[in-house]
Amino acid sequence: MKPARRYLAVHLPFWEAEHLRQSHPDLPADTPLALWARQGARRLLVAVDQAAAAAGLEPGQALADAEALLPDLQVLPATPETSAAGLRELALWAQRFTPLSAPLPPDGLLLDITGCDHLFGGEATLLTKTLADLAALGLTAQGAVASAAASAMALARVQRDAPIIAAGSEEKAVAPLPLGLALRLPGGMVEDLARLGLRSIGDALRQPRAPLARRFGAPLLNALDAAAGHRAPPITPIAAPPDLSVTRALPEPILTAEAIAALLDRLLAALCARLARAGLGARRLSLTAWRVDGTEQRLVIGTGAPNRDAGHLARLFAEPLASLAPELGFERFTLHALATDPMGAEGQGALPMGAAPRPDGVLAQLLDRLGQRLRLARPAPMPSHWPERQWRAAPPHEAAIATPPGWGSRTAPVLLRRRPEAVQVTTFAEGAPAAMHWRGRVYPLTRAEGPLRLEAEWWHGGTLPPARDYHRVQLASGERLWLCHAGGRWVVQGDLP
Amino acid sequence: MVVPDPDPPRNAALARLRAELAGLTTRTPAGSAGAPIPIFADNSLIGAGLVRGALHEVCAASPGSGVAFAAILLARCGGQVLWIATEQESNLVWPPGLIPFGLAPERLILARAARWPEALWAMEEALRCPALGGAVLMAGAGQGLDLTATRRLHLAAEAGGVFGLLLRPDGIAGASAARTRWHIAPLSSTDAPRWRLSLLRQRGGAPAGPWNIAFEAATGSLRLEAGGG
């Protein structure tokens, strides 16, 4: 039989208020805080912080009553989107403990710590450390560990002593918990259950199921079964776990560039070996470095083609590595392969030593290296006569797009101004340019061809730019320019050969 | 007075060492296997043409003429071509306009660097990469390109066997490690573009030109005009 999964649930009883306080450092720390939302015509409290709760305020109270009870109460409108986003961020933060962490709105976190706890010295130490780290962030947290996610969550909501429940004894552990608080049942249902004498989870579990289901519906039974560990609804981790990752925790923090580079080489070697076994090549890698002070820094590199050559990947990391700020040192590194593609054994990573790599591979590696610092593009022809839309920048690793016959012409410029340069042009009576006033000088034009009229692409709809008249002109020096006359303005738009 | 050789074996050793040294200093570029890039159909004017695996410079009196000449040379070097420019460059190279000169967009990869040192770094990396046919770097007027920088580029081109081209503005002076330096200026024309081309300097050779040349799109060749030399 598979060993049971282990879940660490965290309940943050004052999450919304404490999260808001984090983003408003100007709020006085010692005054109670409450958040309100409009419900119909009434303004009700939706969240309070610990001080306000201690003074007897609770969600659901009218804002006016609360202000009468506590005159120095700070009140702010609730921002449910912000706190939901904050909870997702917190779930990402919790990936320092396990790659499988999920936010449980509105105020919980669920971590799947199966097989991770030994890294931190056991479940009890991990739970204590999690709660302590959250407290360091200014968050009040209660936690529990159990083999069923819902059991752990129910325990975390009620018990403040961080219980750890052995696999199989969830039902016994949750039995004394009050139904309303532990299962988050709606208020009306809790009252109805209380009228039947059912106050704890154990009371409800002992009842015949059919009448209970008829009276309260399937959701109650599902919630009860989940809390007792009989059902295991799947949890959705915040980000799909990366295809492959390697982590090294260090006994001593490291801070020199050489040590970090050496560690990265080891991580890359381990990751590339796994990629090779899986027949994969990395397309995107991230290196996360956890600093001693609990903050993290993340570097991401991308490759144009799947790759598992540790040396090549290390070169791609060389540049971003310099941006790491170790301060007091890093204590943990994780290398994730965020995106991978299948890669056959014939790839350069599997070549025997000394064999010359294919030129394709060498070019791809060059483009990878350059792509970390420069913008690369391959020109891809577009079906348009409008100069700015004649080609688009395609990713350099894509196969080149064949040029359709007739695309590009002898009359096209070889250089186009990034920003057209305004000029004044005097014209002959019939409209041909005679001289131009350009960069503070007057240049007579020895030759002018044109106009070539381009109408805007009316089939795209929308407001159309004015039609353009293009003239190919030649200065006395022989220099040839591409002039554009549109809407009464003359501009130099490009250089002719 | 001729002194008779007192120690023949020692001199033989010296000769061997000298030969070895000569072999070290005149390195054979990796790309020397490829034929030089011809400029004119008749090669008698400037030898066999521009060697690959080396750095060459083109100084242009007008931006358009320089780009066109670079496109002609890169079209002839074959393979993929990396065209490097900085973001400060006010002109963008226009792929449709290069087709008449034989450089198809399929062979072109455009690179834009935020700053000049990155452009220089990219050029060096590109020249070291034998998978490329050629690389061109557009160097603006104020950009630092001293003897050391050009020597680095030239050595990289030798190592990779890549045809390297620097597009520089007119009127630059100063030392450069490039194998050749060309100057091109536009001439007035009625139809096909015409230029005045001269070879300002070449390593181990004399300056040459100027020649009046015209580009014939039909044959893709540079035609030397009579009486232009």
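Values in this document were obtained by computation on a predicted structure and should not be read as measured data. (Residues numbered from 1 in each chain as written. Chains lettered and ligands numbered in written order. Predicted model: local features only at pLDDT ≥ 70, side-chain atom pairs only at ≥ 80, totals over all residues. Heavy atoms only, no water.)

(A) Region of interest: the overall build of chain A. In terms of helices and strands, chain A carries 15 helices and 19 strands. Across its three principal directions, the C-alpha atoms of chain A cover 100 × 70 × 50 Å. In chain A, which comprises 497 residues, the share counted as buried stands at 46%. Of the contacts made within chain A by residues no fewer than 6 positions apart, 57% connect residues no fewer than 24 positions apart. (Helix = DSSP H or I, 4+ residues; strand = E, 2+ residues; numbered from the N terminus. Buried < 20%, exposed > 50% of the residue type's maximum accessible area, 1.4 Å probe, protein only. Contact = heavy atoms within 4.5 Å.)

(B) Here's a closer look at the pairing of strand S5 (residues 132–138) of chain B. All names here are of chain B. Of all seven residues making up S5, seven are buried, and the element is well covered by its neighbours. By the bridge criterion, five bridges tie S5 to strand S6 (residues 163–169) in an arrangement that is parallel. Bridge pairing in S6 links alanine 135 to glycine 164. Chirality of the crossover, the property in question, places the unit of S5, helix H5 (residues 147–160) and S6 among those that are right-handed. (Pairing = 2+ DSSP bridges. Right-handed = clockwise from strand over helix to strand, strands pointing away.)

(C) Fine view of the pattern of salt bridges. Tallied over the full model, the rule gives 29 salt bridges over all chains. The residue Glu87(B) makes a salt bridge to Arg418(A) at a minimum N-O spacing of 3.6 Å. Within this pair, whereas Glu87(B) is found in the loop between strand S2 (80–86) and strand S3 (91–93), its partner Arg418(A) is found in strand S14 (residues 415–427), the two belonging to separate chains. Assessed through its relative accessible area of 35%, Arg418(A) is described here as partly exposed. With a shortest N-O distance of 2.9 Å, Arg439(A) and Glu421(A) are connected by a salt bridge. (Salt bridge = Lys/Arg side-chain N within 4 Å of Asp/Glu carboxyl O.)

(D) Looking closely at the domain arrangement of chain A. Segmenting chain A into domains produces domain 1 (1–241), domain 2 (244–358) and domain 3 (415–495). Between domain 1 of chain A and domain 3 of chain A, the C-alpha centre-to-centre distance is 69 Å. (Domains from an automatic or database assignment.)

(E) A look at the sheet that holds strand S9 (residues 280–291) of chain A. All names here are of chain A. A sheet is described by the order of its strands in space; here four strands give the open sequence S8-S11-S9-S10, paired in antiparallel fashion. Since the sheet does not close on itself, it has two edges, and those belong to strand S8 (244–254) and strand S10 (296–307), each with one partner. Between one strand axis and the next, the sheet turns by 15 degrees as a mean value, whatever way the strands run. Sheet topology places S9 next to S10; eight bridges connect them, and they run antiparallel. (Axes fitted to C-alpha atoms, helices over the stretch in contact; angles between N-to-C directions.)

(F) Here's a closer look at unusual backbone geometry. Residue and element names in this part refer to chain A. A cis amide bond, omega 5 degrees, links proline 105 with the succeeding residue proline 106. You can see proline 106 is positioned in the loop between strand S5 (101–104) and strand S6 (108–112). The residue arginine 184 is not glycine, and still its phi comes out positive at about 60 degrees. Structurally, arginine 184 can be placed in the loop between helix H8 (179–183) and helix H9 (187–195). Non-glycine residue glutamate 327 carries a positive phi angle of around 50 degrees. Along the chain, the position of glutamate 327 falls in the loop between helix H14 (310–321) and strand S11 (330–342). Note on glutamate 327: relative accessible area 59%, which makes it exposed.

(G) Representation of a nonpolar patch on the surface. A surface patch of nonpolar side chains, amounting to about 390 Å² of accessible area, comprises Trp458(A), Trp459(A) and Leu464(A). With respect to the secondary-structure elements, Trp458(A) resides in the loop between strand S16 (441–454) and strand S17 (468–475). (Patch = residues over 30% accessible without salt bridge, like charges linked within 9 Å, V, L, I, M, F, W, Y side chains within 5 Å. Areas by Shrake-Rupley, 256 points an atom, 1.4 Å probe, with all protein chains shown as cover.)

(H) Region of the structure containing empty space enclosed by the protein. Residue and element names in this part refer to chain A. Taken as a whole and judged by the stated rule, the model has one cavity of 30 Å³ or more. Roughly 30 Å³ of internal volume is contained in the largest cavity. If you go around the largest cavity, the residues you meet are Glu16, His19, Leu20, Leu35, Thr79, Thr82 and Ser83. Elements with a minimum of two residues in the lining of the largest cavity: helix H1 (15–23) and helix H4 (80–93). Counting residues per element, the lining of the largest cavity draws most heavily on H1, which supplies three residues. (1 Å grid on protein atoms, 1.4 Å probe; cavity = no way out; pocket = protein on both sides within 12 Å on 5 of 7 lines; lining within 4 Å. Points joined across faces, edges and corners; volume = space filled by probe spheres on them.)

(I) Focus on helix H6 (residues 149–158) of chain A. Extensive coverage of H6(A) is indicated by the burial of eight of its 10 residues. Residues Ala149(A), Ser151(A), Ala152(A), Met153(A), Ala154(A), Leu155(A), Ala156(A) and Arg157(A) constitute the buried set of H6(A).

(J) View of the sheet that holds S2(B). With mixed pairing, the 11 strands of this open sheet are ordered in space as S13(A)-S12(A)-S4(B)-S2(B)-S5(B)-S6(B)-S1(B)-S7(B)-S8(B)-S9(B)-S10(B). The strands lining the two open edges of the sheet, one partner per strand, are strand S13 (391–394) of chain A together with strand S10 (221–224) of chain B. Sheet twist, expressed as the average angle between the axes of neighbouring strands with direction ignored, equals 30 degrees. Of the pairings in the sheet, the one linking S2(B) to S5(B) comprises five bridges and is parallel in character.

(K) Up close: the interface of chain A and chain B. Taken together, the contact between chain A and chain B spans 45 residues of the former and 53 residues of the latter. Of the roughly 4100 Å² buried at the junction of chain A and chain B (both faces included), carbon and sulfur atoms supply 62%. Connecting chain A to chain B are three salt bridges. In this structure, the connection of chain A to chain B is made through 16 residue pairs in polar contact (both at pLDDT 80 or more). When residues of the side of chain A that touches chain B are traced back to their parent elements, those giving at least two are helix H15 (359–371), strand S12 (375–381), S14 and S16 of chain A. A per-element tally of the side of chain A that touches chain B places H15(A) first, with seven residues. (Buried area = accessible area lost by both parts, 1.4 Å probe. Polar contact = N/O pair within 3.5 Å; in protein donor to acceptor, adjacent residues only side chain to side chain.)

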